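Here are the chains, one letter per residue:
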Amino acid sequence: MAAKLLEGKAIAEKLKAVVRQEVDLLRAKQNRAPKLIALQIGENASSAVYVKAQRKVAESLGIEYWLETLPDTISQAEAEQKISDFNKDHSITAIIVQLPVPKGIDAKKLANTIWPAKDAEGMHPQNLGRILLGNYKIGPCTAMAVMELLESTGEKLYGKEAVIVGHSEIVGKPLALMLLNKLATTTVCHIATGERGVLADHVKRAEILVVAVGKAGIIKGDWVKPGAVVVDVGINRVGDKIVGDVEFEAASQRASYITPVPGGVGPITTTILMRNTVELFKISF
Ligand code: NAD
């Protein structure tokens with residue numbers, strides 16, 4: 001039986017409706033709106049695409065969005081000073097550093113100078129620590145988007161065999177904690193799992209499978225357990241097409257739900273960034 005498609009756009013629209021309503025209520029109460037500031041260093045084509053998308057979603061939700069562009073000649077210290085100024089500015093309620101940054105700028109160090117209470121991407125160690133403690137409202141956008149996709153299926157996570165392939169700080173690791181918080185039995189696979197030749201063994205027992213590797217078709221369709229929920233985070237350009245990490249056609253014959261690539265996780269992440277922004281606004285009073 002062909003799997004049901006987990007369409008990110010539809011889920012993002014539902015989330016947006018909730019966030020928009022919340023912004024309206026907060027604005028009526030506080031007489032001001034959340035303000036997200038994006039710091040971009042130098043000009044960059046892919047960063048420009050993100051900025052355009054972020055501005056569009058923010059404005060559609062009633063969130064103020066401001067882009068600050070610094071020259072690519074700026075030093076690490078000067079960029080960090082700029083973040084410190086934003087931290088202290090009461091009119092700014094959330095901050096994001098746009099990637100990529102020019103060579104010579106340590107993006108992680110820069111992002112970590114954002115105060116946890118203004119950390120729109122949920123990547124500050126203090127905010128990541130809250131996920132470990134199971135007490136969080138904001139978090140890394142892609143991992144949060146995966147949780148929204150899983151929850152949209154209505155399938156219980158409690159006690160399920162969840163296998164994540166990929167252990168990055170933005171997806172696999174925080175997602176492992178989020179799934180553990182839901183009492184899924186969670187396994188994280190990574191490069192060493194692949195090198196040891198046991199990736200298929202783990203994937204084959206997954207009732208919940210999330211893949212974030214960045215290698216087209218690394219997960220074979222016939223590894224997917226019948227009835228599994230499959231979320232493919234991977235984005236790979238093959239010729240003139242964008243494909244995921246999972247062999248889509250074969251996997252969708254076995255899975256109960258599967259994300260398309262593109263159109264699965266991607267459309268939700270910007271909305272999560274805005275939801276994070278609103279959550280930070282709530283703690284700014
Ligand atoms: P990454 O690039 O930082 O790391 C890749 C991960 O894959 C690592 O954990 C590595 O150990 C693992 N890996 C590599 N080869 C492997 C193998 N042979 N077997 C098992 N594991 C292996 O990860 P990332 O930044 O999370 O990105 C992963 C993919 O997700 C990329 O394609 C990226 O473009 C995509 N992505 C998509 C979104 C979205 O919004 N849709 C957001 C973030 C990342």
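All of the points below concern the structure found in this document.

1. A short note on the nonpolar core
No. 1: One finds L36, L150, L179 and V231 to be the most contacted residues of the largest nonpolar core, which totals 52 residues.
No. 2: When residues in this core are grouped by element, the largest group, eight residues, is from helix α6 (residues 141-152).
No. 3: Apart from residues lying up to four places away in sequence, V231 is in contact with L6, V146, L149, L150, L209, V210, V211, T259 and V265.
No. 4: With 19 residues, the next largest nonpolar core counts I219, A228, V246 and A251 among its residues.

2. Comments concerning the packing of aromatic side chains
No. 1: In the structure shown here, the tally under the stated rule is one aromatic pair.
No. 2: Centre to centre, the rings of F281 and F285 are 4.9 Å apart; their planes meet at 80 degrees, and the pair counts as edge-to-face.
No. 3: Exposure remark for F281: the relative accessible area of 0% places this residue in the buried category.
No. 4: Across from the ring centre of W66, 5.8 Å away, lies the NZ or CZ of K35, which sits over that ring.

3. Regarding helix α2 (residues 45-61)
No. 1: The terminal C-alpha atoms of α2, which comprises 17 residues, lie 25 Å apart, in line with the 24 Å expected from a rise of 1.5 Å per residue.
No. 2: The complete set of buried residues in α2 reads S47, V51, Q54, V57, A58 and L61. The arc that holds the buried residues of α2, viewed along the axis, is 140 degrees, so those residues lie on one side. Turned more than 90 degrees from where α2 packs its buried face, A45, V49, K52 and K56 sit exposed.

4. Details of the site of the ligand
No. 1: Around the ligand, a shell composed of 22 residues is seen, among which H167, S168, I191, K215 and I235 lie nearest.
No. 2: In this structure, an oxygen atom belonging to the ligand sits 2.9 Å away from a main-chain N or O atom of I191.
No. 3: Backbone polar atom of I235 to an oxygen atom of the ligand: 3.0 Å apart, as the coordinates give it.
No. 4: Alone, the ligand offers 860 Å² of accessible surface; in the complex the protein occludes 74% of this.

5. A closer look at the pairing of strand β3 (residues 64-70)
No. 1: The pairing of strand β2 (residues 35-41) with β3 spans seven bridges and is classified as parallel. Considered in β3, the bridge of Q40 is made with T69.
No. 2: The parallel pair β2 and β3, bridged by α2, forms a crossover whose chirality is right-handed.

6. Digging into the sheet that holds strand β5 (residues 161-165)
No. 1: Taken in spatial order, the six strands of this open sheet run β1-β11-β8-β7-β5-β6, and their pairing is parallel. Across the chains shown, the open sheet's two edge strands, defined by having one partner strand only, are β1 (4-5) and β6 (185-189).
No. 2: The pairing of β1 with strand β11 (residues 257-258) spans two bridges and is classified as parallel. Across the sheet, K4 pairs through a bridge with Y257, a residue of β11.
No. 3: On top of the sheet, α6 reaches β7 (208-211) and β8 (229-232); it is set at about 155 degrees to β8, its chief contact.
No. 4: Across the sheet, helix α7 (residues 172-181) is in contact with β5, β6 and β7; its angle to β5 comes to roughly 170 degrees.

7. A word on unusual backbone geometry
No. 1: Between L99 and P100 the backbone carries a cis peptide bond, its omega angle lying at 0 degrees.
No. 2: Residue position: P100 is located in the loop between β4 (94-97) and α4 (107-111).
No. 3: At the junction of V261 and P262, the peptide bond is cis and its omega measures out at 0 degrees in the coordinates.
No. 4: Of note, P262 is situated in the loop between β11 and α11 (266-282).
No. 5: Despite not being glycine, N31 has its phi angle at roughly 65 degrees, a positive value.
No. 6: Backbone geometry places L183, a non-glycine residue, at a positive phi of 60 degrees.
No. 7: Topologically, L183 is positioned in the loop between α7 and β6.

Reading the values: rules and limits
Residues numbered from 1 in each chain as written. Predicted model: local features only at pLDDT ≥ 70, side-chain atom pairs only at ≥ 80, totals over all residues. Heavy atoms only, no water. Core = buried A, V, L, I, M, F, W, Y, C linked by side-chain atoms within 4.5 Å. Buried < 20%, exposed > 50% of the residue type's maximum accessible area, 1.4 Å probe, protein only. Helix = DSSP H or I, 4+ residues; strand = E, 2+ residues; numbered from the N terminus. Contact = heavy atoms within 4.5 Å. Phe/Tyr/Trp six-rings, centres within 6.5 Å; stacked < 30°, edge-to-face > 60°. Lys NZ or Arg CZ within 6 Å of the ring centre and 35° of its normal. Expected span 1.5 Å × (residues − 1). Arc of directions from axis to C-beta. Near = heavy atom within 4 Å. Polar contact = N/O pair within 3.5 Å; in protein donor to acceptor, adjacent residues only side chain to side chain. Areas by Shrake-Rupley, 256 points an atom, 1.4 Å probe, with all protein chains shown as cover. Pairing = 2+ DSSP bridges. Right-handed = clockwise from strand over helix to strand, strands pointing away. Axes fitted to C-alpha atoms, helices over the stretch in contact; angles between N-to-C directions.

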